[in-house]
Amino acid sequence: RLLIAQQTLDALPDERVIAEFTARALSVVPGVSKAHLCLRPAPASSRADFESVCRNCTVHLGDTAAERTPECALAPKAGYRVFWLRTARGIYGLLAVRIDEPRRFLGYEPHIENFANVVARTIESVRYLAQLKQANDALAQARESLESTVAERSAQLAESEARFRSLTEMSSDFYWESDAEHRLT
């Protein structure tokens, strides 16, 4: 089931859905009674079991320059296990599970840790794609602004050329151009 859940993560549209799906997917793992995905700065899905601890959380996630892993208040509590959502680029959150049967859970722990890494990679991709969309939107807006400016200035140039042409056609005088040394060009 965990392998299917890992493959499904890539199809999920945003972090909220990823958090909800992860909590549901892990609740069927033997030994796990509840799961919670904490994503910061994005809002985490609220679970009553974790809310009292997470409400006052001071962990600052996503800091790629952090020298050590932040401490979660759930980590030292009996019956809980915390897995960091970590990639090479940073820490994106944590996956906390409440364990009601430690002996049954023990065999799944490495798989849950791997699942947490896949969740981290998926969140990193979702955030990257959101940044890419935002950059593309800004680029499209800048392009529209530039096209508008070019059209406006082209119209001003056409108007200026028309005035100059009109002036020269109506005049009986001669016009010529000279260079910096006053030679006719």
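Because the structure is a prediction, the values reported are computed rather than measured.

Each value, and the rule that gives it
Residues numbered from 1 in each chain as written. Predicted model: local features only at pLDDT ≥ 70, side-chain atom pairs only at ≥ 80, totals over all residues. Heavy atoms only, no water. Helix = DSSP H or I, 4+ residues; strand = E, 2+ residues; numbered from the N terminus. Buried < 20%, exposed > 50% of the residue type's maximum accessible area, 1.4 Å probe, protein only. Contact = heavy atoms within 4.5 Å. Patch = residues over 30% accessible without salt bridge, like charges linked within 9 Å, V, L, I, M, F, W, Y side chains within 5 Å. Areas by Shrake-Rupley, 256 points an atom, 1.4 Å probe, with all protein chains shown as cover. Salt bridge = Lys/Arg side-chain N within 4 Å of Asp/Glu carboxyl O. Axes fitted to C-alpha atoms, helices over the stretch in contact; angles between N-to-C directions. Parallel < 35°, antiparallel > 145°, perpendicular 65-115°, else oblique. Nonpolar A, V, L, I, M, F, W, Y, C, P; charged D, E, K, R; others polar. Pairing = 2+ DSSP bridges. Phe/Tyr/Trp six-rings, centres within 6.5 Å; stacked < 30°, edge-to-face > 60°. Lys NZ or Arg CZ within 6 Å of the ring centre and 35° of its normal. pLDDT = per-residue confidence, 0-100. Expected span 1.5 Å × (residues − 1).

Caption draft 1: Seen up close, the environment of Phe105. With respect to the helices and strands, the residue Phe105 is situated in helix 4 (residues 102–106). Classification of Phe105 by relative accessible area gives buried; the value is 3%. For Phe105 and Val32, which are 73 residues apart along the polypeptide, the C-alpha to C-alpha distance reads 6.6 Å. For Phe105, the contacting residues outside a window of four places in its chain are Pro30, Gly31, Val32, Arg81, Phe83, Val97, Ile99 and Ile112.

Caption draft 2: Broad picture of a nonpolar patch on the surface. Together, Tyr128, Leu129 and Leu132 give the surface a local cluster of nonpolar side chains, amounting to about 310 Å² of exposed area. With respect to the helices and strands, Leu129 occurs in helix 5 (residues 109–170).

Caption draft 3: Representation of the packing of helix 1 (residues 2–9) against helix 2 (residues 15–26). It is the contact of helix 1 with helix 2, at a shortest axis distance of 11 Å, that shows an interaxial angle of 175°. On the basis of the axis angle, helix 1 is roughly antiparallel to helix 2. Mapping the contact onto sequence places Leu2, Ala5, Thr8 and Leu9 in helix 1 and Ile18, Phe21, Thr22, Ala25 and Leu26 in helix 2. When its residues are assigned to classes, the contact of helix 1 with helix 2 shows seven nonpolar, two polar and no charged.

Caption draft 4: Layout of the pairing of strand 1 (residues 32–39). Burial analysis of strand 1 places six of its eight residues in the buried class, the great majority of the element. One ladder, built from seven bridges, connects strand 1 with strand 3 (residues 90–99); its direction is antiparallel. By the bridge assignment for strand 3, Lys34 is matched with Arg98.

Caption draft 5: View of unusual backbone geometry. In this model, His182 sits at a positive phi of 65°, which is unusual for a non-glycine residue. If you trace the backbone, His182 turns up in the segment after helix 5.

Caption draft 6: Representation of the packing of aromatic side chains in the model. Taken as a whole and judged by the stated rule, the model has zero aromatic pairs. When the ring centre of Phe83 is taken as reference, the NZ or CZ atom of Arg81 above it lies at 4.3 Å.

Caption draft 7: Just the sheet that holds strand 3, in detail. One open sheet accounts for three strands, arranged 1-3-2; its pairing is antiparallel. Looking along the sheet, the strands with just one partner apiece sit at the ends: strand 1 and strand 2 (80–87). Within the sheet, the average angular offset between the axes of one strand and its neighbour, ignoring direction, is 20°. Each of strand 1 and strand 3 is contacted by helix 2, which is oriented at about 160° to strand 1, the strand it contacts most.

Caption draft 8: Spatial organisation of the side chain of Gln6. Its place among the elements puts Gln6 in helix 1. In this structure, Gln6 is in contact with His111, Asn114, Phe115 and Val118, ignoring residues within four places of it in sequence.

Caption draft 9: The arrangement of the confidence of the model for the protein chain in detail. Averaged over every residue, the pLDDT of the protein chain is 82; the share at 70 or more is 78%. The secondary-structure element of the protein chain with the lowest mean pLDDT is helix 3 (residues 48–54), recorded at 55, while helix 4 shows the highest, at 94. Scored below 50 in pLDDT, residues 42–48 shows 15 contacts in the model against residues more than four places distant or in partner chains. The low-confidence segment residues 60–68, where pLDDT is below 50, has 13 contacts with residues more than four positions distant or belonging to other chains.

Caption draft 10: Just helix 5, in detail. Helix length check: helix 5 (62 residues) gives 91 Å between terminal C-alpha atoms against 92 Å at 1.5 Å per residue, within 8%. Residues Glu109, Ile112, Phe115, Ala116, Val118, Val119, Ala120, Thr122, Ile123, Glu124, Val126 and Arg127 constitute the buried set of helix 5. Turning to helix 5, the residues buried within the fold contact helix 1, helix 2, strand 1, strand 2, strand 3 and helix 4.

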